[in-house]
Amino acid sequence: MSDTTLDAPIDNEIDIDKSADNAEYKNISWQGLWKNNAALVQLLGLCPLLAVTATLTNGLGLGLATTLVLIGSNSTVSMVRNLVPNEIRIPVFVMVIASFVTIVQLLMNAYTFELYQALGIFIPLIVTNCAIIGRAEAYACKNPVKFAAFDGLMMGLGFTLVLVILGAMRELLGNGTLFDGAHLLLGDWAQSLKITFFTPDNAFLLAILPPGAFIGMGLLIALKNVLNNHLEKRFEQPKAASTITRARVTADS
Amino acid sequence: MSFKLASSPHQHSQRNTAQLMRLVIWCALPGLLVQSWLFGWGSLIHFALATVTAVVTEVIILEVRKRNFEVAIKDSSAILTALLLAVSIPPFAPWWISVIGAFFAIAIVKQLYGGLGFNLFNPAMAAYVVLLISFPVQMTAWLPPASIALHSADFLDSLSMIFTQYSREGYSLAQLQAGIDGHTMATPLDQLKTDLTLGMTYSESLNNAIFDNGLGIGWLWVNMAYLAGGLVLLKQKAINWHIPVSLLLSLAVMATLFHLVDGDRFASATFHLFSGGIMLGAFFIATDPVSAATTNKGRLIFGAAIGFWIYLIRIFGGYPDAIAFSVLIMNMAVPLIDYYFRPRTYGHGRSAR
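What counts and what doesn't
- Residues numbered from 1 in each chain as written.
- Chains lettered and ligands numbered in written order.
- Predicted model: local features only at pLDDT ≥ 70, side-chain atom pairs only at ≥ 80, totals over all residues.
- Heavy atoms only, no water.
- Helix = DSSP H or I, 4+ residues; strand = E, 2+ residues; numbered from the N terminus.
- Rg over C-alpha atoms; globule rule 2.2 N^0.38 Å.
- Buried < 20%, exposed > 50% of the residue type's maximum accessible area, 1.4 Å probe, protein only.
- Contact = heavy atoms within 4.5 Å.
- Areas by Shrake-Rupley, 256 points an atom, 1.4 Å probe, with all protein chains shown as cover.
- Lys, Arg positive; Asp, Glu negative; His and termini not counted.
- Charge placed at Lys NZ, Arg CZ, Asp CG, Glu CD.
- Buried area = accessible area lost by both parts, 1.4 Å probe.
- Salt bridge = Lys/Arg side-chain N within 4 Å of Asp/Glu carboxyl O.
- Polar contact = N/O pair within 3.5 Å; in protein donor to acceptor, adjacent residues only side chain to side chain.
- Nonpolar A, V, L, I, M, F, W, Y, C, P; charged D, E, K, R; others polar.
- UniProt positions renumbered as here; feature names shortened; annotations may be inferred.
- Phe/Tyr/Trp six-rings, centres within 6.5 Å; stacked < 30°, edge-to-face > 60°.
- Lys NZ or Arg CZ within 6 Å of the ring centre and 35° of its normal.
- Patch = residues over 30% accessible without salt bridge, like charges linked within 9 Å, V, L, I, M, F, W, Y side chains within 5 Å.
- Axes fitted to C-alpha atoms, helices over the stretch in contact; angles between N-to-C directions.
- Left-handed = near helix turned anticlockwise from the far one by under 90°.
- Core = buried A, V, L, I, M, F, W, Y, C linked by side-chain atoms within 4.5 Å.
- Domains from an automatic or database assignment.
- Expected span 1.5 Å × (residues − 1).
- pLDDT = per-residue confidence, 0-100.

A. Structural detail: the overall build of chain B. When its secondary structure is counted, chain B shows 17 helices and two strands. Whereas a compact globule of 353 residues would reach a radius of gyration of roughly 20 Å, chain B reaches 21 Å, a difference of no more than 12%. Over its C-alpha atoms, taken along the principal directions, chain B stretches across nearly 75 × 50 × 30 Å. For chain B, with 353 residues in total, the buried portion stands at 53%. Intrachain contacts of chain B at a sequence separation of at least 6 include 74% that bridge at least 24 residues. Total accessible area computed for chain B in this model is approximately 17100 Å², and 65% of it derives from carbon and sulfur atoms. The averaged location of the 17 negative side-chain charges in chain B is 21 Å from the averaged location of its 20 positive side-chain charges.

If you want it as structure tokens, here you go:
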């Protein structure tokens, strides 16, 4: 099984540490962005995901807010992980998350007021986003700060990515535009970002309405599974060939 | 000599899927023809458009899924879906309405769930609901019956309406919707609903030109044609009586109850039974063998609940007619109904659930 790791050169401890760190970072990125994606695989935080992705900008705004909260809460939880008794860890996590959500909410209220109004109740509701407490419980409370913060970043980015793609799909189908209202998030220069593909006489309302979010989400999950299968097949073929050559007759390995 | 080993059910029907589908199509044709006779060529044109789209979509998707599409096309189920969708679409709706609808019905509602026999929802009705909530303006623009319309539209006019939204003489849809007196005409159910919100009573509303003897002109005949087709289906044992009868009965009971309580606000049972697409819904849509309940007791519940929902949504809902919504709601309840009305296995006691 672990032939390759055994053969790896062992020079000194720092090198091992570094390579282990790098491997962990790589693993975190892979898990957060693809393999264990908060939205597509864990299906956490569906409520904001489905409710606010009517446009790309809304999706991006909520995704960034969630990412900020995730980084903050993950690193804080990781910092206090040895101080918090196991029995009361959930209330503590919720307090930490709630404080970060409040910070993000106040920041958005101050700097991106229109977007703050467009997202409405879904900013305070980030507190209840299961993706965040899920990461605090599953990862941050067991790992050092640097990994926990990076995990927050990657999970958040993975979530944001799905929000943006879903928002783009729905906005394109329903409005024929992309980046509509981007200036609410990015400032006045972003008004030129708006791309109008077509101006429909009759908007395809389904895409904008909640059912469109569910259908779009289902299609995205299906797409991810298709890509996954493709990747697995591609990586498996040489392995399958090599196992065939080993003619084992006994059960022990 | 070889014995065929077969699992249950051991009762054999001579028909295969394709024959059954074609029988249903033949039985629905009178309704389609009456509809076209009364309201113009639009329904036939939409039928053609929807059929082409549905068949092409099915071929493409089955090709992608690496299945044998020949069998699937030959069983005519896509054509039946297209037919049911086309008769639900207003005759002069733009061409892309039936194209989007047929694509959605086959690609999303039927094939994504696994193809014929696996769909949770009735494809035609799910597509109809998608169209209705996405394009409410086009999907509610029904025409007055040709006999009382101000402008008549022949086949080429209908083609031109569907593809350009203007007839050859340059009339718009709104102008073609006008009745003899020049007022835009709605469907009977729509008219009644609007009048009631305007403070008129039920009997006052019936004075409108689209009503004759308390029923919408034309719609009676459309419903009669579907009823006749449905009776043939019953006679041929293509469908069971349970769903249509319980559906019509529960709708009639609801309507009669409300009518007796307040005859000024609630229309009579006859009006409800012969307006909109009730007979189409009762005999052709709710009886879909895939998405309906599968036991006889379950079918009774299923049909009665659909009738109940149709009445509630017609009276208290936002849309004038409600067959598609009701059928979809009850499609969702089918697993539950089937769970509670599972037939008893032979030789097992009552409590063997």
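B. Expanded view of the interface of chain A and chain B. Taken residue by residue, the interface counts nine residues in chain A and 10 residues in chain B. Carbon and sulfur atoms make up 76% of the surface buried where chain A meets chain B, a total of about 720 Å² over both sides. It is Asn202(A), Phe204(A) and Leu206(A) that lose the most area in chain A upon contact with chain B, and together they represent 57% of the buried surface on that side. If you look at where chain A meets chain B, you find zero salt bridges. Taken together, chain A and chain B are joined by one residue pair in polar contact (both at pLDDT 80 or more). Put simply, the parts of the chain that give the side of chain A that touches chain B at least two residues each are helix H10 (205–208) and helix H11 (210–245) of chain A. For the side of chain A that touches chain B, the element with the highest residue contribution is H11(A), accounting for three residues. The class makeup of the residues in the side of chain A that touches chain B is eight nonpolar, one polar and no charged.

C. Looking closely at the UniProt feature "modified residue: FMN phosphoryl threonine" (unreviewed entry) in chain B. Residues and elements named next belong to chain B. Summarizing the sequence annotation, UniProt attributes the feature "modified residue: FMN phosphoryl threonine" (unreviewed entry) to Thr187 in the numbering used throughout. The topology assignment puts Thr187 in the loop between helix H9 (173–176) and helix H10 (188–197). Of the residues examined, Thr187 reaches a relative accessible area of 12% and is grouped as buried. Other than its neighbours up to four places away in sequence, Thr187 contacts Trp142, Ile210 and Trp219.

D. View of the packing of aromatic side chains. Following the criterion strictly, the structure yields 18 aromatic pairs over all chains and no others. Look at Trp142(B) and Trp219(B): their rings are 5.4 Å apart centre to centre, the planes differ by 70°, and that puts the pair in the edge-to-face class. Within this pair, whereas Trp142(B) is found in the loop between helix H7 (136–139) and helix H8 (155–164), its partner Trp219(B) is found in helix H12 (residues 219–235), the two being separated by 77 residues in sequence. Exposure class is identical for Trp142(B) and Trp219(B). Each is buried. Among the aromatic residues, those joined into a cluster by ring pairs are Phe258(B), Phe266(B), Tyr311(B) and Phe316(B). When the ring centre of Phe147(A) is taken as origin, the NZ or CZ atom of Lys146(A), which lies over that ring, is 5.2 Å away.

E. Here's a closer look at unusual backbone geometry. Its identity as a non-glycine residue notwithstanding, Leu43(A) has a phi of 50°, on the positive side. Structurally, Leu43(A) can be placed in the loop between helix H2 (13–35) and helix H3 (46–52). The exposure class of Leu43(A) is partly exposed, given its relative accessible area of 39%. Of note, the phi angle at Lys237(B) is positive, near 60°, even though the residue is not glycine. Mapped onto the elements, Lys237(B) comes out in the loop between H12 and helix H13 (242–261).

F. Focus on a nonpolar patch on the surface. Residues and elements named next belong to chain B. Where nonpolar side chains cluster on the molecular surface, the patch consists of Trp241, Val245, Leu249, Val253, Leu257 and Leu300 and spans about 550 Å² of accessible area. Counting residues per element, the nonpolar patch draws most heavily on H13, which supplies four residues. If you trace the backbone, Leu249 turns up in helix H13.

G. Fine view of the packing of H13(B) against helix H16 (residues 296–316) of chain B. Residue and element names in this part refer to chain B. Interhelical geometry of H13 versus H16 gives an angle of 35° and a closest axis separation of 7 Å. Viewed along their axes, H13 and H16 form a crossing whose handedness is right-handed. Split into classes, the residues belonging to the contact of H13 with H16 amount to 15 nonpolar, six polar and one charged.

H. Looking closely at the nonpolar core. Phe284(B) and Phe302(B) are the most contacted members of the largest nonpolar core, which has 92 residues in total. Counting residues per element, this core draws most heavily on helix H6 (residues 123–134) of chain B, which supplies 10 residues. Counting contributing residues per domain, this core is built from domain 1 (15–145 + 150–184) and domain 2 (185–340) of chain B, each supplying no fewer than three. Other than its neighbours up to four places away in sequence, Phe302(B) contacts Ile243(B), Ala286(B), Ser291(B), Ala292(B), Ala293(B), Met330(B), Asn331(B), Val334(B) and Ile337(B). With 32 residues, the next largest nonpolar core counts Ile97(A), Met108(A), Ile126(A) and Phe159(A) among its residues.

I. Geometry of helix H4 (residues 77–88) of chain B. Residues and elements named next belong to chain B. In this model H4 runs 17 Å from its N-terminal to its C-terminal C-alpha over 12 residues, within 8% of the 16 Å that 1.5 Å per residue would give. Summarising burial for H4: 11 of the 12 residues are buried, a large majority. Here H4 has its buried residues at Ser77, Ala78, Leu80, Thr81, Ala82, Leu83, Leu84, Leu85, Ala86, Val87 and Ser88.

J. Structural context of the confidence of the model for chain A. The predicted model of chain A averages 82 in pLDDT, with 87% of residues at 70 or higher. Predicted confidence is poor over residues 1–10 of chain A, with pLDDT under 50, and the contacts of this stretch with residues over four places away or in other chains come to one contact.

K. Spotlight on the domain arrangement of chain B. Residue and element names in this part refer to chain B. Each assigned domain of chain B is listed with its residue range as follows: domain 1 (15–145 + 150–184) and domain 2 (185–340). On the side of domain 2, 29 residues touch domain 1, which itself brings 36 residues to the contact. Of all residues in domain 1, Cys27, Asn122 and Met125 give up the largest surface area on contact with domain 2, accounting jointly for 17% of the area buried on that side. Our enumeration of links across domain 1 and domain 2 arrives at zero salt bridges. Listing elements by their share of the side of domain 1 that touches domain 2, those giving two or more residues are helix H1 (17–39), H4 and H6. Looking at the side of domain 1 that touches domain 2 element by element, the count peaks at 12 residues for H1. Split into classes, the residues belonging to the side of domain 1 that touches domain 2 amount to 26 nonpolar, nine polar and one charged.

L. Spotlight on the side chain of Asp288(B). All names here are of chain B. Tracing the backbone through its elements, the reader meets Asp288 in the loop between helix H15 (278–285) and H16. For Asp288, which is buried and forms no salt bridge, the nearest opposite charge comes from Lys110, at a distance of 9.6 Å. What Asp288 contacts, discounting residues up to four positions off in sequence, is Asn119, Asn122 and Pro123.

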